[in-house]
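Coordinates in review
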Amino acid sequence: MMLKLRNVSKEISGKLILDDVSFEIPDSKIIGVVGKNGSGKTTLLKIISSEMLPTTGEIIVPVDDVFYVDPLSNFMTNYSPKVIADIISAYLPKFKRDEFYNILRDADLPVDKMISSFSKGQQALLYIACGIASGAKYILLDEPLDGLDVFIKDKVKSLLIENVGRTESTVLIATHNLAELDSLADSILFIKDNKIKIYDPVEEEQVKVQFVYDEDILPSNLTDVAKVIEKRGRVWLVIMPEDEIEKIFSDTSTYQFVEVLQVTTEDVFRIEFS
Ligand SMILES: Nc1ncnc2c1ncn2[C@@H]1O[C@H](COP(=O)(O)OP(=O)(O)OP(=O)(O)O)[C@@H](O)[C@H]1O
C-alpha cells in the first residue's frame, strides 16, 4: 500500500499552509522533504502521522504503522532510552528492542540515564535509533541529522539505507541540510507556495554544466534549455538536460572549459526558490 495524500489542504489559525496537495510516495524509498523556514514541512509530517488533521482532503496511510515523534516535544528528554523503548513498543508492537539497544551500544549511549543528560548529538542519535528500530512502515524524521558529528552521520545514513532495503520501509526526512540528502534521498519533495512538487534526480536526467563565456548574456540556444544557477565573472553554472550538451557545447570558440557535474539538491532548491 502506497502513502497517498488526496486534495489535502491545511489552515492553521486562518493561515493557509498546504493548498490542495495530492501526491503518492512509492514504498521502500528515502524521501527528502525540503522548503523554506515555515513552509510546512513539520505540518506535513504531522498530517501524515495523524498528529494533526487536514482541514480538507484525505490521507491514505496505515496510522498504526507510522513512526513520528516531534523532536521538539519533551517526550524525548523526560525518560531514559529504556522507558522510551517501552512506550514506543506499546503503540508500535513491531519495535525492535535488540536493534535499538545495538545502535545505542555502538554509540556508547547508556540505556538507563535520563535523556536530558545526553548531549544534543546523542539525543539526535537516539531519535534516529527510535525511528530505525520502530519497525514502522513509514518513518517520519524531522531534522534527524542535526548536531551529529560526521562519523555518526555516516553510520546513521548507512543504517537508514540498510533498513529501507531490508524492511521496505519508507523514510521521510524533513531537513534544511540539503547536502546530506544527495547521498541519502531517492526523491525530494519540495514545499513551495503551499504546494508540493516531487523531484526525482534520476528521472529528470538533468546535469550541471560549468563553462567560461565572455559575454554578459548567454546565447538563446542555451537559455532556451538551461537555467542559470550561478555566474562568477566569466564562469557560468547552468542546469540543463544531459542530451543537449553535445549540440550546444561542441562550439568551443564560444565556450571554454566545459565541465559536466552532478545536480545537487541544493542546486534544485536554488532554482525552485530563487
Ligand atoms: N500551532 C501552531 N499555531 C500557529 N501557527 C502554526 C502552528 N504550527 C505551525 N504554524 C505555522 O505554520 C507554518 C508552517 O510551520 P511548519 O513548522 O510546518 O514549517 P517548517 O517548514 O517545518 O518550518 P522550519 O523549517 O522553520 O522548521 C508556519 O508559518 C508556522 O508559523
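This one's a predicted model, so the numbers in the text were calculated from it and none came from an experiment.

Here we come to the nonpolar core. Core analysis: the biggest nonpolar cluster contains 71 residues, and Ala129, Leu140 and Leu172 have the highest contact counts within it. A per-element tally of this core places helix H4 (residues 120-133) first, with nine residues. Three or more residues apiece are contributed to this core by two domains, here domain 1 (3-200) and domain 2 (205-273). In contact with alanine 129, not counting residues within four places along its chain, are Phe100, Ile103 and Leu104.

Residues other than glycine seldom take positive phi values, yet serine 28 does so here, at roughly 60°. Along the polypeptide, serine 28 turns up in the loop between strand E2 (15-25) and strand E3 (30-35). Not every positive phi belongs to a glycine, and aspartate 193 is a case in point at roughly 50°. Within the element layout of this structure, aspartate 193 appears in the loop between strand E8 (187-192) and strand E9 (195-199).

If you check the shell around the ligand, you find Ile12, Ser13, Ile17, Gly35, Asn37, Gly38, Ser39, Gly40, Lys41, Thr42 and Thr43 and nothing else. It is helix H1 (residues 41-48) that contributes the most residues to the shell around the ligand, three residues altogether.

What follows deals with the pairing of strand E13 (residues 256-261). Buried residues are scarce in E13, accounting for zero of its six residues. In the sheet, strand E10 (residues 206-212) pairs with E13 via four bridges, with the strands oriented antiparallel. Bridged to lysine 208 within E13 is leucine 261.

As a further point, take H4. Taking 1.5 Å per residue as the helical rise, H4 with its 14 residues ought to reach 20 Å, and the 20 Å between its terminal C-alpha atoms agrees with that figure. In terms of burial, H4 is largely enclosed, as eleven of its 14 residues are buried. All of the buried residues in H4 are Gln122, Ala124, Leu125, Leu126, Tyr127, Ile128, Ala129, Cys130, Gly131, Ile132 and Ala133. Buried positions along H4 lie against strand E5 (66-68), helix H2 (81-91), helix H3 (97-106), strand E6 (138-142) and helix H5 (150-167). The positive-phi residue at the C-terminal boundary of H4 is glycine 135, with phi of around 75°.

For H3, the set of buried residues is Phe100, Ile103 and Leu104. Buried residues along H3 cover an arc of 95° about the axis, so they all sit on one side. Projecting away from the buried face of H3 at angles above 90 degrees are the exposed residues Asp98 and Arg105. Buried residues along H3 sit against H2, H4 and H5.

Before going further, it helps to examine the sheet that holds strand E4 (residues 56-60). An order of E2-E1-E4 is seen for the three strands of this open sheet, with the pairing classed as antiparallel. Whereas interior strands pair on both sides, the edge strands pair on one side only; in this sheet they are E2 and E4. Strand-to-strand twist across the sheet, computed as the mean angle between neighbouring axes with direction ignored, equals 20°. Sheet topology note: the strand E1 (residues 3-12)/E2 ladder contains seven bridges and is antiparallel. Bridging across to E2, glutamate 11 finds its partner in leucine 16. Along the sheet, H1 makes contact with E1, E2 and E4, crossing E1 at roughly 125°.

With that out of the way, let us pick up the UniProt feature "domain: ABC transporter" (unreviewed entry) in the protein chain. As recorded in UniProt, the feature "domain: ABC transporter" (unreviewed entry) lies at residues 3-218. Secondary structure over residues 3-218 splits into 32% helix and 29% strand, and the C-alpha atoms at its two ends are 43 Å apart.

The next point concerns the domain arrangement of the protein chain. Each assigned domain of the protein chain is listed with its residue range as follows: domain 1 (3-200) and domain 2 (205-273). Its C-alpha centre places domain 1 at a distance of 35 Å from the equivalent point of domain 2. The set of elements that each furnish at least two residues to the side of domain 1 that touches domain 2 consists of E3, helix H6 (178-182) and E8. If one sorts the elements of the side of domain 1 that touches domain 2 by residue count, H6 sits on top with four residues. Its residues placed into classes, the side of domain 1 that touches domain 2 shows seven nonpolar, one polar and three charged.

Averaged over the protein chain, the pLDDT score is 91; the fraction of residues at 70 or greater is 100%. What the predictor reports for the complex is a pTM of 0.88 with an ipTM of 0.96.

A word on the packing of H4 against H5. For the pair H4 and H5, interaxial distance at closest approach is 11 Å and the crossing angle is 10°. In terms of orientation, H4 and H5 fall into the roughly parallel class. Counted together, Gly121, Leu125, Ile128 and Ile132 of H4 and Ile152, Val156, Leu159, Leu160 and Asn163 of H5 form the full contact between these two elements.

Rules behind the numbers
Residues numbered from 1 in each chain as written. Predicted model: local features only at pLDDT ≥ 70, side-chain atom pairs only at ≥ 80, totals over all residues. Core = buried A, V, L, I, M, F, W, Y, C linked by C-beta atoms within 7 Å. Buried ≥ 20, exposed ≤ 12 C-beta atoms within 10 Å, placed from the backbone. Helix = DSSP H or I, 4+ residues; strand = E, 2+ residues; numbered from the N terminus. Domains from an automatic or database assignment. Contact = placed C-beta atoms within 7 Å. Near = placed C-beta within 6 Å. Pairing = 2+ DSSP bridges. Expected span 1.5 Å × (residues − 1). Arc of directions from axis to C-beta. Axes fitted to C-alpha atoms, helices over the stretch in contact; angles between N-to-C directions. UniProt positions renumbered as here; feature names shortened; annotations may be inferred. Nonpolar A, V, L, I, M, F, W, Y, C, P; charged D, E, K, R; others polar. pLDDT = per-residue confidence, 0-100. Parallel < 35°, antiparallel > 145°, perpendicular 65-115°, else oblique.

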